[in-house]
Amino acid sequence: MTSRRVAAAIFLAVAGVVVWVASRMTWIVVESVDDKSGDKTSVVVGSLWSSELVAVALLLFVCAVAAMALRPMGRRVAGVIGALAGAGASWQALGLLTGEPDASRVRSLLTVGDSAVGGAAQSADQVNHISQWADIVSVEPQVWGPIVALLGCALAVVSGVVVALRPGVVASGDRYERAAYRSTDAAEAEDDDASRALWDALDADIDPTRDN
């Protein structure tokens, strides 16, 4: 059971890596036309379309560490959280694969605000944006980004369920602590026996300090 739990915890971390990779991939390609700047191709990455992906990836890492380090009840809670996080993060990817992206949402994600257009230096992210007066010609969803995200989410759900159902037993370190406590209790019991023998000798008018 321990090896299964450790493997599930490792797969939780792997799921976090997969989800993070998906957040960096292109999910939507947008073609737009601007009277001033001409035609432009922009991309919407996973972390822009589904902003919770990065947070879910970090959460899965935390759950993986918790599944390795905590006691059984804490491991069970970490497994449930990891499974729920994976299920929740799959919603946007599944919606993009089964339907068409909302063009108005795409525009809102890619539109540069007035403050950015007013002459301030554009950041690397703003280069990908479009102006407010640009016309969007096409919105093409890409399948590989959402598919990778779904794979990571599915792995998180399965691994989290395994950890939750099979949290394992108390860690070996806790067994060593219990052994140390038992040794301490045995030593205290011996001290009590010695004290009792001393009082019995005094009651019998025997000097316990005198050598026989």
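Coordinates for the structure precede this section.
A brief report on the enclosed structure follows. Please read these numbers as outputs of a predicted model, since none were measured by experiment.

Right, let's talk about the sheet that holds strand β1 (residues 26-34) for a bit. In spatial order, the strands read β2-β1-β3; together these three strands make up an open sheet with antiparallel pairing. Each end of this open sheet is capped by a strand with a single partner; those strands are β2 (38-45) and β3 (135-141). When the angles between neighbouring strand axes are averaged without regard to direction, this sheet yields 20°. In this structure, β1 lies alongside β3, joined through six bridges in antiparallel fashion. Residue pairing for β3: V33 is matched across the bridge by D135.

Before going further, it helps to examine the nonpolar core. By size, the foremost hydrophobic cluster in this structure holds 34 residues, and its most contacted members are W27, I28, W49, L60 and V106. Breaking this core down by element, the ones donating at least two residues are α1 (2-24), β1, α3 (53-69), α4 (72-98), α5 (103-110) and α7 (144-165). At eight residues, α3 tops the list of elements feeding residues into this core. With residues up to four places along the chain from it excluded, the contact list for I28 reads S42, V43, V44, W49, L96, P101, V106, V139, E140, P141 and Q142.

The rules behind each value
Residues numbered from 1 in each chain as written. Predicted model: local features only at pLDDT ≥ 70, side-chain atom pairs only at ≥ 80, totals over all residues. Heavy atoms only, no water. Pairing = 2+ DSSP bridges. Helix = DSSP H or I, 4+ residues; strand = E, 2+ residues; numbered from the N terminus. Axes fitted to C-alpha atoms, helices over the stretch in contact; angles between N-to-C directions. Core = buried A, V, L, I, M, F, W, Y, C linked by side-chain atoms within 4.5 Å. Buried < 20%, exposed > 50% of the residue type's maximum accessible area, 1.4 Å probe, protein only. Contact = heavy atoms within 4.5 Å.

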